[in-house]
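Breakdown of the fold
If you want the building blocks of each chain, they are given just below.
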Amino acid sequence: MKRSLAVGHFYNEPFQSACAPWLDRIAEVFFAWPGVLSCRPAPEFTPEVRARLMSDLHWCRDNGIRLDTLFNCLCYGDISVSTELADFVTRTLGEMDREGLFPDVVTTTSPFIASIVKSRFPSVRIRASVNMRIHGTIGFEALGDLFDEYYISREYQRNLDYVDTIAKWCHEHGKLIGAQANSGCLRQCPFQTFHDNLHGHNRIRQSKVGEQFDFDIFRCRTHYTKERKIIDFLRSTWLRPEDIPLWEERLDLIKLATRRTPHPTEILNAYASYRYDGNLIRLMDPHYEDAFAPGIVDNRLFPKDWATSGIAADCANNCTNCGRCEAIWKTIYHS
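Structure report, in brief. Throughout this document, residue positions are counted from 1 along each chain, in the order its sequence is written. Two thresholds apply to this predicted model, a pLDDT of at least 70 for residue-level local features and 80 or more for giving and counting side-chain atom pairs, whereas whole-chain, interface and lining totals are computed over all residues. Calculated side-chain values reflect all of the structure's heavy atoms, with hydrogen atoms and water omitted.

**Quick word on helix α2 (residues 47-62)**
Operational definition: In this text, helices come from DSSP runs of H or I with a minimum length of four residues, and strands from runs of E with a minimum of two, each type numbered from the N-terminal end. Here the expected span of a helix is defined as 1.5 Å times the quantity of residues minus one. For each residue, the accessible area found with a 1.4 Å probe, counting protein chains only, is set against the maximum for its type, and the residue is called buried under 20%, exposed over 50%, and partly exposed in between. Residue contacts follow a heavy-atom distance rule, with two residues in contact if any of their heavy atoms lie within 4.5 Å.
With 16 residues, α2 should reach 22 Å at 1.5 Å per residue; the first-to-last C-alpha distance of 22 Å fits that figure. Every buried residue of α2 is accounted for by Leu53, Met54, Asp56, Leu57, Trp59 and Cys60. Looking at the packing, one finds that the buried side of α2 touches α1 (15-19), β2 (26-31) and β3 (66-71). Trailing α2 by a residue or two, glycine 64 shows a phi angle of about 75°, which is positive.

**Side note on the pairing of strand β5 (residues 125-128)**
The condition is simple: For two strands to pair, DSSP has to find at least two bridges joining them. Clockwise travel from the first strand over the helix to the second, with the strands pointing away from the viewer, marks a crossover as right-handed.
Bridge count for strand β4 (residues 105-108) against β5 is four bridges, and the pairing is parallel. Across the sheet, residue threonine 108 finds its bridge partner in β5, namely alanine 128. For the crossover that starts at β4, traverses helix α4 (residues 111-120) and ends in the parallel β5, the hand is right-handed. With two bridges connecting them, β5 and strand β6 (residues 149-151) associate as parallel partners. The partner of alanine 128 across the bridge, within β6, is tyrosine 150. Once you follow β5 into helix α5 (residues 137-142) and on to β6, the crossover reads as right-handed.

**Notes on the pattern of salt bridges**
Spelled out, the test is: The term salt bridge refers to a pairing of a side-chain nitrogen on Lys or Arg with a carboxyl oxygen on Asp or Glu at a separation within 4 Å.
Applying the stated criterion to the full structure yields 24 salt bridges. Glutamate 149 is the partner of arginine 127 in a salt bridge, and the nearest nitrogen-oxygen pair spans 2.5 Å. Placement of the pair is arginine 127 in strand β5 and glutamate 149 in strand β6, with a sequence separation of 22 residues. With a relative accessible area of 0%, arginine 127 lands in the buried category. With a shortest N-O distance of 2.8 Å, aspartate 298 and arginine 300 are connected by a salt bridge. Among the residues examined, aspartate 298 registers a relative accessible area of 2% and is labelled buried. Among the charged side chains, a network of salt bridges with common partners joins Glu28, Arg66, Asp68, Arg125, Arg127 and Glu149.

**Looking at the packing of aromatic side chains**
In plain terms, the rule: Two aromatic rings, drawn from Phe, Tyr or Trp (for Trp, its six-membered ring), form a pair once their centres lie within 6.5 Å of each other, and the interplanar angle then sorts them: stacked below 30 degrees, edge-to-face above 60, tilted otherwise. A positively charged side chain is recorded as over a ring if its NZ (Lys) or CZ (Arg) lies within 6 Å of the ring centre. The angle to the ring normal must also be within 35 degrees.
Per the counting criterion, the structure on display carries 14 aromatic pairs. Ring centres of phenylalanine 102 and phenylalanine 121 lie 5.7 Å apart, and the angle between their planes is 45°; on these two criteria the pair is classed as tilted. Of this pair, phenylalanine 102 sits in the loop between α3 (83-98) and β4 while phenylalanine 121 is found in the loop between α4 and β5, placing the two residues 19 residues apart along the sequence. Residue phenylalanine 102 shares its accessibility class with phenylalanine 121, and that shared class is buried. Considering the side-chain rings of phenylalanine 302 and tryptophan 306, the 5.2 Å spacing of their centres and the 70° angle between planes classify their relative orientation as edge-to-face. Here phenylalanine 302 matches tryptophan 306 in class, with each residue buried. Seen from the ring of phenylalanine 30, lysine 255 lies directly overhead, with NZ or CZ sitting 5.0 Å from the centre. Against the face of tyrosine 151 rests lysine 255, its NZ or CZ located 5.4 Å from the ring centre.

**So, the packing of α3 against α4**
Angle between the axes and distance between the axes: these two values describe a pair of packed helices. Applicable threshold: Axis definition: a line fit to C-alpha positions, over the contact stretch in the case of helices; interaxial angles, taken between N-to-C directions, run 0 to 180 degrees. Should an angle fall under 35 degrees it is called roughly parallel, over 145 degrees roughly antiparallel, and 65 to 115 degrees roughly perpendicular, with every other angle called oblique. Less than a right angle of anticlockwise turn of the near helix away from the far helix marks a crossing as left-handed, whereas a clockwise turn marks it as right-handed. Only Asp, Glu, Lys and Arg are considered charged in this grouping, and only Ala, Val, Leu, Ile, Met, Phe, Trp, Tyr, Cys and Pro are considered nonpolar; every other residue, Gly among them, is considered polar.
In contact at an axis separation of 10 Å, α3 and α4 are set at 55° when each is read in the N-to-C sense. It follows that α3 is oblique to α4 by the angle criterion. As α3 runs across α4, the sense of the crossing is right-handed. Packed against α3, whose contacting residues are Leu85, Ala86, Asp87, Val89, Thr90 and Leu93, the element α4 presents Phe112, Ile113, Ile116, Val117 and Arg120 at the interface. Here the contact of α3 with α4 is built from residues that sort into eight nonpolar, one polar and two charged.

**Comments concerning helix α11 (residues 264-273)**
In terms of burial, α11 is a largely internal element, seven of the 10 residues being buried. Of the residues making up α11, those classed as buried are Pro264, Thr265, Ile267, Leu268, Ala270, Tyr271 and Ala272. Each element contacted by the buried residues of α11 is listed here: β1 (5-8), α1, β2, α10 (244-248) and β8 (253-256). In the stretch just after α11, tyrosine 274 is the one whose phi turns positive, near 60°.

**Describing the sheet that holds β4**
Here we have eight strands rolled up into a closed barrel, ordered β1-β2-β3-β4-β5-β6-β7-β8, and parallel in their pairing. Strand after strand, the sheet turns through a mean of 25° between neighbouring axes, direction not considered. Its contacts with the sheet put α3 on β2, β3 and β4, and the angle it makes with β3 is roughly 155°.

Below is the structure:
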């Protein structure tokens, strides 16, 4: 087993007791500090919620789990390049320091924020968010010395030859490299930039307004529910828990999206143990278990060579409906 998991801090289940059995697997926790916009809706930071976050983060630090704080929404509006944003980031990291929780890593989508942190806090590792959607080494090179770490493109991460190439480049250049394991997003989602951008504003309010116009900001939801194209779940970008060792051989970090899912402990247990005997949809974020009901995607029934066969890997970026996915879907999807 490798200590490679990055777990998103969650509030809907006990965080410390969920993580305690897997201290030999969890490398870091990622989180948004109170008052910081990130690429997920933030909870209301009541004194109780704030106290819980502080307690959980101190517990992580005491147990050797690195702290990765997020400045990773896609939009900062008129202050995207400004003294105001630079000072806000500086104040936030200063507040974390006073709490004894100065981060080991800052993950951001903003090259400006990366530049500010790099110049003012040189001890912090800067990581390019998966939301930057960098597809290859040309993109990594273009970031120069501004970023120390990267997440690979989800659209290509099922191709192990691609992963080998990216990992080799990163390790030769002293960069850490990771992948997100449980994305429930559509591959090449045409709504993703639009959707992620909303998190820089009041996403909850905008979702409610969208309902007035019969418009859902989650293209995956309408794709699965209204159009019933549920087989495209198979062509997405997630990695099964059983296949994670293949990626751990090549990468430094496996990110688990657990911040806004209904089953964060179940996700952690599955990926930490490399095994899951349930409905694979339950492990995904976004989470649309109801969209597939009454059917389930039985994780036990996947072919043993799913990860190495290349099925729904690069071919899923330009699907020709060859029939291989349909054959597997008939086996794994059932009521």
